[in-house]
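# Topology and contacts: notes
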Amino acid sequence: MSKDLDWIEELLESEPISNMQIAVIEGLLSSVPYDPESIRDIENGLLHLSYNEASELIKKLKDDYIDTDPREQFKKMFRNGN
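Here is a short report on the structure shown in this document. (Residues numbered from 1 in each chain as written. Predicted model: local features only at pLDDT ≥ 70, side-chain atom pairs only at ≥ 80, totals over all residues. Heavy atoms only, no water.)

### Quick word on the side chain of Gln21
Relative to the elements of secondary structure, Gln21 occurs in helix α2 (residues 19–29). Reaching out from Gln21, the side chain makes a polar contact with the backbone oxygen of Tyr51 at a distance of 3.0 Å. Among all residues touching Gln21, those that are not within four sequence positions of it are Tyr51, Ala54, Ser55 and Ile58. (Helix = DSSP H or I, 4+ residues; strand = E, 2+ residues; numbered from the N terminus. Polar contact = N/O pair within 3.5 Å; in protein donor to acceptor, adjacent residues only side chain to side chain. Contact = heavy atoms within 4.5 Å.)

Printed below as a string of structure tokens:
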């Protein structure tokens, strides 16, 4: 990120997780290959995340997300080189 935008990162670091981020995370948790204990840990810790931490978690969950459509699964495997 450019130095001109560093102040935004610093500002958002102290911001708490947003309601929209909570909704996105909860939606993604239903289709990730995590064990129930890991999902429970994520759910229990949601309200303690900062805005930036929640953004990073969303990125990770989107990477790990398993689509129910086989065509989309194939596209993801092809993009990832699997």
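### Thoughts on the layout of surface pockets
Considering only enclosed or pocket space, the largest pocket measures out at about 190 Å³ in volume. Contributing to the lining of the largest pocket are 11 residues, with Tyr65, Ile66, Asp67, Gln73 and Lys76 lying nearest its centre. No other element matches the 6 residues that helix α5 (residues 70–80) contributes to the lining of the largest pocket. Class assignment of the residues belonging to the lining of the largest pocket gives a composition of 3 nonpolar, 3 polar and 5 charged. (1 Å grid on protein atoms, 1.4 Å probe; cavity = no way out; pocket = protein on both sides within 12 Å on 5 of 7 lines; lining within 4 Å. Points joined across faces, edges and corners; volume = space filled by probe spheres on them. Nonpolar A, V, L, I, M, F, W, Y, C, P; charged D, E, K, R; others polar.)

### Section: the side chain of Ser50
Mapped onto the fold, Ser50 is located in the loop between α3 (36–45) and α4 (51–64). Beyond its immediate chain neighbours, meaning those up to four positions away, Ser50 contacts Glu13, Glu15, Pro16 and Ile17.

### Overview of α2
Residues Gln21, Ile22, Ile25, Leu28 and Leu29 constitute the buried set of α2. Buried residues of α2 fall within an arc of 135° about the axis and therefore sit on the same side. Facing away from the buried side of α2 by more than 90 degrees, the exposed set consists of Asn19 and Met20. The inward-facing, buried residues of α2 abut α3 and α4. (Buried < 20%, exposed > 50% of the residue type's maximum accessible area, 1.4 Å probe, protein only. Arc of directions from axis to C-beta.)

This is a description of form; function is not addressed.
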